[in-house]
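These are the residues of each chain, in order.
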Amino acid sequence: MRNVVQITGTLEALVALCDDGTMWSFNQVLHTWLQLPSVPGQPDTARPLDPDVSHDRVALERQERTQQDRRERFEGRS
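Residues numbered from 1 in each chain as written. Predicted model: local features only at pLDDT ≥ 70, side-chain atom pairs only at ≥ 80, totals over all residues. Heavy atoms only, no water.

## Some points on the overall build of the protein
Cut-off, in case you're wondering: Helix and strand assignments follow DSSP, with helices taken as H or I runs no shorter than four residues and strands as E runs no shorter than two, numbered in order from the N terminus. A simple rule labels every residue: compare its accessible area, found with a 1.4 Å probe on the protein chains alone, to the largest value its type can have, and call it buried under 20%, exposed over 50%, or partly exposed in between. Areas reported as accessible are Shrake-Rupley estimates using a 1.4 Å probe. Residue values count occlusion only from the protein chains shown.
What the protein contains, in helices and strands, is one helix and four strands. Counting from the amino terminus, helix and strand elements in the protein follow one another as β-β-β-β-α. Within the protein, the proportion of its 78 residues that are buried is 14%. Roughly 6500 Å² of accessible area belongs to the protein as shown, and the carbon and sulfur atoms make up 53% of that amount.

## Some points on the packing of aromatic side chains
To keep things clear, this is the line we draw: Pairing of aromatic side chains here covers Phe, Tyr and the six-membered ring of Trp, requires ring centres within 6.5 Å, and sorts the geometry by plane angle: under 30 degrees stacked, over 60 edge-to-face, intermediate tilted.
Taken as a whole, this structure holds one aromatic pair when the rule is applied. Where F26 meets W33, the ring centres are 5.3 Å apart and the plane angle is 65°; that geometry is what we call edge-to-face. By relative accessible area, W33 is classed as partly exposed at 35%.

## Thoughts on the pattern of salt bridges
Pairing is possible between side chains of opposite charge, provided their charged atoms come close. Applied cut-off: Criterion for a salt bridge: a side-chain nitrogen of Lys or Arg within 4 Å of a carboxyl oxygen of Asp or Glu.
This model, assessed by the stated rule, comprises one salt bridge. Two residues, D20 and R2, come together in a salt bridge whose shortest N-O distance is 2.9 Å. Taken together, the residues D20 in the loop between strand 2 (13–18) and strand 3 (23–27) and R2 in the segment before strand 1 (4–10) connect sequence positions 18 residues apart.

## Considerations on unusual backbone geometry
A positive phi angle, near 55°, is found at H31, a position not held by glycine. With respect to the helices and strands, the residue H31 is situated in the loop between strand 3 and strand 4 (32–35).

## Here we look at a nonpolar patch on the surface
Our working definition: The residues that make up patches have over 30% relative accessible area and no salt bridge, and they are joined within 9 Å when like-charged or within 5 Å when they are Val, Leu, Ile, Met, Phe, Trp or Tyr.
On the surface, V4, I7 and W33 cluster together into a nonpolar patch covering about 290 Å² of accessible area. Take I7: its relative accessible area is 49%, and that puts it in the partly exposed class.

## Topic: the environment of D20
Rules: In protein, a polar contact requires one atom able to donate a hydrogen and another able to accept it; more generally it is a pair of N or O atoms within 3.5 Å, and residues adjacent in sequence count only if both atoms are side-chain atoms.
Since its relative accessible area comes to 41%, D20 is described here as partly exposed. Taking the C-alpha atoms as reference, D20 lies 7.8 Å from N3; in sequence the two are 17 residues apart. For D20, the side chain forms a polar contact with the side chain of T22, separated by 2.6 Å.

## Some thoughts on the sheet that holds strand 3
The condition that has to hold: Two strands pair under a simple rule: DSSP has to find at least two bridges between them. Here, axes are lines fitted to C-alpha atoms. For helices the fit covers the stretch in contact, and angles between N-to-C directions go from 0 to 180 degrees.
Strand order across the open sheet formed by four strands is 1-2-3-4, with antiparallel pairing between neighbours. Only two strands of the sheet have a single partner each, and these edge strands are strand 1 and strand 4. On average, each strand axis in the sheet is inclined to that of its neighbour by 25°, with strand direction left out of account. The sheet contact formed by strand 1 and strand 2 spans six bridges and is antiparallel. Paired with T8 across the two strands is V15, which belongs to strand 2.

Coordinates in, geometry out; function isn't part of it.
If you want it as structure tokens, here you go:
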């Protein structure tokens, strides 16, 4: 059985690290967890979710969305 070791992110972009070394992202549209690709060079490297999209681009887009969410929350506090 897989157990969550750490969870981070926003409600719109939750990411969980499990005790078996896998990482999972919660998909708000499908209401399900999707396994993220393994870190390059690690044993049992997983395939990308979409082979036509690079890991770097996906990570950058996720980071940009998170930063935008933070800005919107910060602006809403005034």
